[in-house]
Each structure stands twice: as structure tokens, then as C-alpha cells.
Amino acid sequence: MLVSIITPVTGNPLLKQAIQSVQDQDYPHIEHLIVIDGQEREAATRSILQEIEFKKPQTHVLCLPYATGKDGFNGHRIYGMSPFLANGDYLVFQDEDNWFEPNHISSLVQLVKEKQLDWAYALRKIVNADGTFATYDNCESLGRWKVFQGDYHHVDTSCYFLKKRIVIEYAHLFYVRFAETGIPSPDITLCNELIKAYPRCDTTGFYTFNYRVGMGKFSVKLEFFHQGNAVMQTKYPQGFPWEKESLTQAYTLAVSTTTQDNSFVPAPSVLEISLVDFEQNGKATAFKDSTQIIADKLGLENPYAHFNYRDYPLDLQGWGSNHPSFSQLIDQIKPKIIIEVGTWKGASAVHMAKLLQEKHIDSTIICIDTWLGGIEYLSGEYSISLINLSRKHGWPTLYYQFLANVMYNNLHDSIVPLPLPSNIAARWLQQKDLKADLIYIDASHEVDDVYADIIQYWELIKPNGVMLGDDYADPNYVGVRVAVNKFAQERNLSLKTAGNKWWLQKPSDSQEVIGALNRRISQLEMMLLNRDVELTPNKRI
């Protein structure tokens, strides 16, 4: 089965991710039509396309002589003409500011083959303008299930998987301006017409399309999905029926492969992944191999197995979690092991894990926290603010919120929580001889606590590794600055800062010895000077 993907482009820098996501599809039989909407946009577009690794041989770049998307048409007119140009048996549309997961096409192909469908659709993940995960769309682009507000059905244009003859039949519906007053958008009109005329349809149940919010004047806002999802949770308290209901079916899709003749076959009976590794929502919960080795070394079980993360909403509230220093240092040292001391809800750990994925670095993050809160949550502004510990029978449930946040972001194969006080965790890691390339300090902000964390975890950094910390410039936490400055001066280290972030690089072993000797010599010199002993270069003492 040949699948044609149509992408109208205007030279938007985001199209690089969109095009690359098509090239990275695990389904081999894809024709990709990239249509530049106007000659004035050709130079910018081709400049971006030069940066892409093209893997699909049937990739064609077409340039229209003039822009068809002006006056609110966007890419609709190109979508409308595409079935008359495409060679595929099924058609897929893709906006240039969004992207597909690698199994997007393969999961749709398998679904329509297994159920002999006329059309199908994927579900969508909602991401922020910067591409970071925000939530799932469980309220609007649901196809057979009506939207949370209004008496109609909807499938996002880029979620469709349609037989070419059906697209030809309904191509005229795309000739509509976006957000035109009193006229539904083409994706809504198309969905409702298809459900009536071709009811033999279904969803993969997988969120394989990434949809950006907040991109422009008419773009839907993230709050829309938070509100809509809350409404749908009350309508479907036992779970969303559009998600994969069968664990076995979800598992089969996860391990299926594609043969050269387009047929999908499940993996052999002796499988590398056990069904035990899948929880009730069909999400694999096994650690990757390198992370499992670390978990075994520390004597830790996998906390994500059998944990129902949907009992908690996504909540990645944090402070300074996306600071550029994370990306800068990860590029610099390419860490295999990261230790985070003070995790809260996991926003910074999730951010680092995503950076590691993007940079193709095989790494494990060990998150150390009690998840009970610091003294500021017992007194002061946070004790009465909305930033609370979500107590249940007096006990904070923050740890479970952290687990849920990690699982919502599909990063549970590489993030290991170690629920201990920082001093005990440091001693345990020391006993297990487990050291890190990068250690992030953001636990207690009291001066003695910060200094103790720096001292203990400095011993756990590999030579040339980096210790990074937060709140250096925050006037509310002067103890952080005092502790960091004291340690840097004592060790004769070069302190670097950027806003609230601070970091120190550990010298190589030989440099560390020399530094220690120099510090001892300086201490002896000060002792002698205090005793009025004159020091000269040739004088022996």
C-alpha cells in the first residue's frame, strides 16, 4: 500500500521538524509531496530543506507560481488539489508547523488493513509553541465521538488517513477560508460528511500527531484542552473509549514489523518485551537497558509498572526548568548519567530527558527527593499559596504527581526516582560507586543544607564533570549564593553563572591533586604569617 503525504510549506523554520518526521517514518512505502506555496517562498523553503536527511526516495518538491493560501485559505487549496496529483492509495495531510511520531503511518496502515476501513484517524498530542509536550487532546479531534462542546464531530486535518477516491469526492470542501465567520472549518465539515457517508472508520487509539498551540491570532489556546479534557473525564469516568481498549492490541502494534510486500506481521512468539511491561493504557513501562543496569545496581524496582498515571493530571509546574544552561552543558559534556538533587514535580528532569533524546545521547537521570517539601512549605508564602503538596490524609502525594508527569511525557524508560533525603542518597550512591557526569542541585535552599549537598555530591562527579545549581541570584534564597561562593573559593574553582543558574566544572584527577596541594600550601602560609614568620623564596622552615 502506497501512502501519499501532502505538506504545503511557506518557508516556516518549523517545517524542518515536520519534513524530517515524514522521512523518519518506520513505514517504507511513502510518497511525500512537498508543495511550496508561491515562488516568493521558494528560496527560504529550499534553504531549510537542504538541512534535512531525506530517506524516502519518492519525495517530490513542487513550487507553485503564486501563493494559494493568502486571504485565510492557508494550505486548504493545496490539500484540495492533492488527490489529483498524488499516486498513493491513501492520503495524509500535514501542516508544516506540526509533526508525526515515527509509527504514525504504520499504525494507520495496520488498522485499515485489519478492519478493512475506508478511512481512519490518529489522535493528537498537544504541544507548546516550543515543541514541549503539554497534554493529550481528549476533547476535540475524536472522530466518531463528538467534541466536548457542540453537537458535531471533528478530526484535525493532519490526523486523517483517507482513501484517495474519497478525498477526490470531497476535495471541494477544502475551498474554505480558515476561521471564516459562520462557516465551519474544512476538517470539521469533512469529518461530519464522512461519518454519514462512510461510517466504516476507526482510530488507532494512539497519539501519534503533535499539534502546536498558541501559534497565532486564530490558534486555539492550551487552556481550551485543559478545560475540555476535564469535561470529558466527567463524561467518561471509566476511561476514554477512543484510547486503545485492548492491551494485547496495543502491544501488537508496538512490536509489529513491516515486510517488503507491505504486509504487517507481529514479532515472533519469543518476544523481547513482556506484556508485564505494559500498564492498563497500553504504555510500555520497561526501563531501557542502560537504565535498568543502574536501577539494579541501586536495588530499585521500576515504579512506573502498574502505576495508573491518568489518576493525576499533567502538572509540570516548576522554576527555571527550561533554562538554556541545560542544553549548553549537555552539549558540552554529553552525560551518560545525570543526578538531580531536588526534583519537585519533575519539570527540569523532563526537560533534560527530552534534550538527551533530541541529541541522541543514551543517558539516565537519577532524581533524588523526599517529595515531602522543604521548610518553605510549612511556613511562608508557599504554605498558603496554590503551590501545595496535594496532601492526602496529611501525606503529600507529590511523588505520584512526579511519576505521572514523567509517564505523560513517555520518558519513564530513562528517569529513575530515588526517594531519599539527599544526604542518605549521597552515601548510598557512594557505597555503590555510582558517579555522574552532570549533577543538578536544587533541593533545600538553607545555606548549611546547600553547602552540605555541594560537598557530598561533588565527590560523586566524574573528572571533568559539571555541578549545576539553581537560585543563585534569587534574593529570597541568599543561602544558595553564600554556600556556592564559599565552596568555589575553598576549592579554587572558576564559578560560572547565568541568571539564577550557577555551575562548576570538576578538574581532572591530576588537576584536583595539584589544587588540593595549592590550597594546603596557602593555608600553611596564612598560619605562618599569622605567627609573624617572614617568608622568602630561599628560606627553609
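Residues numbered from 1 in each chain as written. Predicted model: local features only at pLDDT ≥ 70, side-chain atom pairs only at ≥ 80, totals over all residues. Heavy atoms only, no water.

Quick look at the overall build of the protein
What counts, and what does not: Only runs of H or I of at least four residues qualify as helices and only runs of E of at least two qualify as strands under DSSP, and these elements are numbered from the N terminus. Each residue is assigned to one of three classes by its accessible area relative to the maximum for its type, calculated with a 1.4 Å probe on protein chains only: buried under 20%, partly exposed between the two thresholds, exposed over 50%. Note on contacts: a residue pair is in contact if any heavy atoms of the two residues lie within 4.5 Å. Residue exposure ignores everything except the shown protein chains as possible cover, and the areas themselves are Shrake-Rupley values with a 1.4 Å probe.
Of the regular secondary structure elements, the protein holds 16 helices and 20 strands. Residue burial in the protein is summarised as follows: out of 541 residues, 51% are buried. Residue pairs at least 24 apart in sequence account for 79% of intrachain contacts in the protein once pairs closer than 6 positions are excluded. When the accessible surface of the protein is totalled, it reaches about 25700 Å², and 52% of it is carbon and sulfur.

Describing the side chain of Asp470
Along the chain, Asp470 falls in the loop between β18 (461-469) and α15 (478-490). Judged by its relative accessible area of 5%, Asp470 falls in the buried class. Asp470 has contacts with Trp319, Tyr440, Ile441, Asp442, Val480, Asn500, Lys501 and Trp502, leaving out every residue within four places of it along the chain.

Things to note about α15
What counts, and what does not: An expected span of 1.5 Å times one less than the residue number is assigned to each helix. Of all possible arcs, the one meant is that of the directions from the helix axis to the C-beta atoms.
The end-to-end C-alpha distance of α15, which contains 13 residues, comes to 19 Å, matching closely the 18 Å that a straight helix rising 1.5 Å per residue would cover. When we look at burial in α15, the residues that qualify are Gly479, Val480, Ala483, Val484, Phe487 and Ala488. The buried residues of α15 all sit within an arc of 155° when viewed along its axis, so they share a single face. Relative to its buried face, α15 has exposed residues pointing more than 90 degrees away, namely Val478 and Gln489. Those residues of α15 that are buried lie in contact with α14 (447-458) and β20 (501-505). Immediately beyond the C-terminal end of α15, within one or two residues, lies Asn492, with a positive phi of roughly 55°.

Re the packing of helix α1 (residues 15-23) against helix α2 (residues 42-49)
Quick note on the threshold: Where helices are involved, their axes are fitted lines through C-alpha atoms of the stretch in contact, as for all axes, and angles between N-to-C directions lie from 0 to 180°. Just so you know how the angles are binned, under 35 degrees is roughly parallel, over 145 roughly antiparallel, 65 to 115 roughly perpendicular, and the rest oblique. Handedness of each helix crossing follows the sense of rotation of the near helix against the far helix: counterclockwise by less than a right angle gives left-handed, clockwise gives right-handed.
One way to put it is that α1 packs onto α2 with a least axis distance of 10 Å and a crossing angle of 50°. As the angle between them shows, α1 and α2 are arranged oblique. Of the two possible hands of crossing, α1 and α2 adopt the one that is right-handed. Contacts between α1 and α2 involve Leu15, Lys16 and Ile19 on the former and, on the latter, Thr45, Ile48 and Leu49.

Description of the pairing of strand β17 (residues 436-441)
Put simply, the rule reads: In this description, strands pair whenever DSSP reports at least two bridges between them. Here a crossover is taken to be right-handed if, once the strands point away from the viewer, the path from the first strand over the helix to the second is traced clockwise.
For β17, the buried fraction is high: six of the six residues fall into the buried class. By the bridge criterion, four bridges tie strand β12 (residues 337-341) to β17 in an arrangement that is parallel. Residue Ile338 lies in a different strand from β17, and its bridge partner there is Leu438. Direction of pairing for β17 relative to β18: parallel, over a ladder of five bridges. What sits directly across from Tyr440, in β18, is Leu468. A crossover connection joins β17 to the parallel β18 through α14; in handedness this β-α-β unit is right-handed.

Digging into the pairing of strand β1 (residues 3-9)
Summarising burial for β1: seven of the seven residues are buried, a large majority. Burial along β1 is two-sided: the residues Val3, Ile5, Thr7 and Val9 and Ser4, Ile6 and Pro8 are all buried. Sheet topology note: the β1/strand β4 (residues 90-93) ladder contains four bridges and is parallel. For Ile6, the partnering residue across the bridge sits in β4 and is Phe93.

What about the sheet that holds β12?
Across the sheet, which stays open at both edges, the seven strands sit in the order β16-β13-β12-β17-β18-β20-β19 with mixed pairing between neighbours. Each end of this open sheet is capped by a strand with a single partner; those strands are β16 (415-418) and β19 (496-498). With strand direction ignored, the average angle separating the axes of adjacent strands in the sheet is 20°.

A closer look at the pattern of salt bridges
The condition that has to hold: Salt bridge, as applied in this entry: a Lys or Arg side-chain nitrogen positioned within 4 Å of an Asp or Glu carboxyl oxygen.
Enumeration according to the criterion identifies 21 salt bridges in this entry. Put simply, Glu140 and Arg124 hold a salt bridge, and the shortest N to O gap is 2.5 Å. With a gap of 16 residues between them, Glu140 in the loop between β7 (133-136) and β8 (160-163) and Arg124 in strand β6 (residues 119-127) connect regions that are remote in the sequence. Arg124 shares its class with Glu140; the two are buried. Lys196 is the partner of Glu193 in a salt bridge, and the nearest nitrogen-oxygen pair spans 3.7 Å. Of this pair, Glu193 and Lys196 both sit in helix α6 (residues 186-197), three residues apart, which is roughly one turn of that helix. One network of salt bridges, with partners in common, ties together Asp118, Lys163, Arg165 and Arg200.

Considerations on helix α11 (residues 347-358)
When the terminal C-alpha atoms of α11 are compared, their 17 Å separation across twelve residues agrees well with the 16 Å that a helix rising 1.5 Å per residue should span. Listed in full, the buried residues belonging to α11 are Ala347, Ser348, Ala349, Val350, His351, Met352, Ala353, Lys354, Leu355 and Leu356. A positive phi of about 55° marks His360, the residue just after α11.

Details of the nonpolar core
For clarity, the threshold we go by: Residues grouped as a nonpolar core are buried Ala, Val, Leu, Ile, Met, Phe, Trp, Tyr and Cys residues, joined through side-chain atoms within 4.5 Å.
Within the largest apolar cluster, 133 residues are counted, with the highest numbers of intra-cluster contacts made by Trp119, Phe161, Ile415 and Tyr457. Broken down by element, this core gets its largest block of residues, eight residues, from helix α12 (residues 398-408). Ignoring sequence-local partners within four residues, the contact set of Ile415 consists of Phe287, Tyr304, Ala349, Val350, Ala353, Ile365, Cys367, Phe402 and Val406. Membership of the second largest hydrophobic core comes to eight residues, among which are Leu15, Ile19, Ile34 and Leu49.

What about the side chain of His32?
With respect to the helices, strands and loops of the structure, His32 is situated in strand β2 (residues 30-36). Judged by its relative accessible area of 0%, His32 falls in the buried class. Beyond its immediate chain neighbours, meaning those up to four positions away, His32 contacts Ile5, Thr7, Ile19, Val22, Gln23, Gln58, Thr59, His60 and Gln94.

Quick look at the packing of aromatic side chains
Our working rule: When two rings of Phe, Tyr or Trp (its six-membered ring) have centres within 6.5 Å they constitute a pair, described as stacked for plane angles under 30 degrees, edge-to-face for angles over 60, and tilted for the intermediate range. Remark: a charge is flagged as sitting over a ring if the NZ atom of Lys or the CZ atom of Arg is within 6 Å of the ring centre and within 35 degrees of the ring normal.
Counted according to the given criterion, the structure contains 27 aromatic pairs. Ring geometry for Tyr136 versus Tyr207: centroids 4.3 Å apart, planes at 55°, classification tilted. Of the two residues, Tyr136 is situated in strand β7 and Tyr207 in strand β9 (residues 201-212); the sequence distance between them amounts to 71 residues. Centroid distance Phe326 to Tyr440: 5.1 Å. Interplanar angle 75°. Geometry classified as edge-to-face. Of this pair, Phe326 sits in helix α10 (residues 324-333) while Tyr440 sits in strand β17, and the two are 114 residues apart along the sequence. This pair shows no difference in class: Phe326 is buried, exactly as Tyr440 is. Among the aromatic residues, those joined into a cluster by ring pairs are Phe307, Tyr312, Trp371, Tyr399, Tyr400 and Phe402. Taking NZ or CZ as reference, Arg310 lies 5.2 Å from the ring centre of Tyr136, over its face. The side chain of Lys486 reaches across the aromatic face of Tyr451, ending 4.3 Å from its centre.

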